[in-house]
Amino acid sequence: MSEYSCIIADDEPLARQLMKSYVEKVPYLTLKGVFKNAWEVKAFLASKQVDLLLLDIEMPGLDGITMVKSITNVPYVIFVTAHRNYAVEAFEVRALDYLLKPISFERFLKAIYPIEQTQQTKVQPAALDHLFISVDRQMVKIRFREMLYLEAMGDYVKFYLADDKPILSKITLKNIMQQVDPQILIQIHRSFVVNKAKITAYTQDKVKIADVWLKVSRSYKAGLGL
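Now for a look at the structure at hand. Only a predicted model underlies this, so the values are computations on that prediction, with no experimental measurement involved. (Residues numbered from 1 in each chain as written. Predicted model: local features only at pLDDT ≥ 70, side-chain atom pairs only at ≥ 80, totals over all residues. Heavy atoms only, no water.)

With that settled, consider the overall build of the chain. Along the backbone of the chain there are seven helices and 15 strands. Its C-alpha atoms give the chain principal-axis dimensions of about 60 × 35 × 35 Å. Counted over contacts in the chain with a minimum sequence separation of 6, partners at least 24 positions apart contribute 48%. Accessible surface, the chain as shown: approximately 12500 Å² in total, 51% of it carbon and sulfur. The average position of the 30 basic charges and that of the 25 acidic charges among the side chains of the chain differ by 6 Å. (Helix = DSSP H or I, 4+ residues; strand = E, 2+ residues; numbered from the N terminus. Contact = heavy atoms within 4.5 Å. Areas by Shrake-Rupley, 256 points an atom, 1.4 Å probe, with all protein chains shown as cover. Lys, Arg positive; Asp, Glu negative; His and termini not counted. Charge placed at Lys NZ, Arg CZ, Asp CG, Glu CD.)

Written out as structure tokens, the structure is:
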């Protein structure tokens, strides 16, 4: 059985101890550290990697969501908090789950279930066929096959869909491309990502999606694969 390494960060001693006891009950989780704040986590991750972060959100000096946004190669993240009002922000950084204290062991097992499925099937998160995006303070599921193309608009991305009106969500193209199979969605410009299966025509510097021609910038042309 594969093992998944994890760390815990919470400024409350009892919360740290509870999470530690839960992790120790799961045979495929290996605890690599328990920390009192997000700064300690950030310092740890500067030289080491783990598969799962169990993070409180409101911690002294640096909150858990901001810390996750500040690191690269983000592992699975489960937020553990007493506050409901951070849920949308948490899922914008692709959190695996959002647990509200007090947390039962059964709820903890449900949160890590996707990791268990991954270790059983050896399927990586990028093999998912959908994204959850924030729309009007709720998380909406969009399947890759429904997407025509995506357009960056500052801190937002506009999703153009095959059978529905466009959707605007506060997320970045970079964040999206870290989560998807590059053979499905490909970036053609700093402002555009397209569904490769939806390309109906192309030239040396443009691709056609439905009735729209989109520019392909020189730096992305080599990876287009057409």
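Scanning the entire structure with this criterion turns up five salt bridges. Ionic pairing is found between Glu24 and Lys20, a salt bridge with its closest N-O pair at 2.6 Å. With a gap of four residues between them, Glu24 and Lys20 both fall in helix 1 (residues 13-25), about one helical turn apart. Glu24 gets classed as exposed once you look at its relative accessible area, which sits at 52%. Owing to a relative accessible area of 26%, Lys20 belongs among the partly exposed residues under this scheme. A salt bridge links Arg107 to Asp97; the nearest nitrogen and oxygen atoms lie 2.9 Å apart. (Salt bridge = Lys/Arg side-chain N within 4 Å of Asp/Glu carboxyl O. Buried < 20%, exposed > 50% of the residue type's maximum accessible area, 1.4 Å probe, protein only.)

Quick look at the packing of aromatic side chains now. Per the counting criterion, the structure on display carries seven aromatic pairs. Centre to centre, the rings of Tyr4 and Tyr28 are 6.5 Å apart; their planes meet at 80 degrees, and the pair counts as edge-to-face. Here Tyr4, found in strand 1 (residues 4-9), pairs with Tyr28, found in the loop between helix 1 and strand 2 (29-35); they are 24 residues apart in sequence, far enough to count as distant. Residue Tyr4 shares its accessibility class with Tyr28, and that shared class is buried. Judged by centre distance (6.4 Å) and plane angle (25 degrees), the rings of Phe105 and Phe108 are stacked. Taken together, the residues span about one helical turn, with Phe105 and Phe108 both in helix 5 (residues 105-121) at a distance of three residues. Members of the aromatic cluster, joined through ring pairs, are Tyr22, Phe105 and Phe108. Lying over the aromatic face of Phe105, Lys25 brings its terminal NZ or CZ to 4.8 Å of the ring centre. Against the face of Trp213 rests Lys206, its NZ or CZ located 5.3 Å from the ring centre. (Phe/Tyr/Trp six-rings, centres within 6.5 Å; stacked < 30°, edge-to-face > 60°. Lys NZ or Arg CZ within 6 Å of the ring centre and 35° of its normal.)

Attention now moves to a positive patch on the surface. Together, Lys206, Lys215, Arg218 and Lys221 give the surface a local cluster of positive charge. Structurally, the position occupied by Lys221 is in helix 7 (residues 218-221). (Patch = residues over 30% accessible without salt bridge, like charges linked within 9 Å, V, L, I, M, F, W, Y side chains within 5 Å.)

Nothing here speaks to function; it is geometry throughout.
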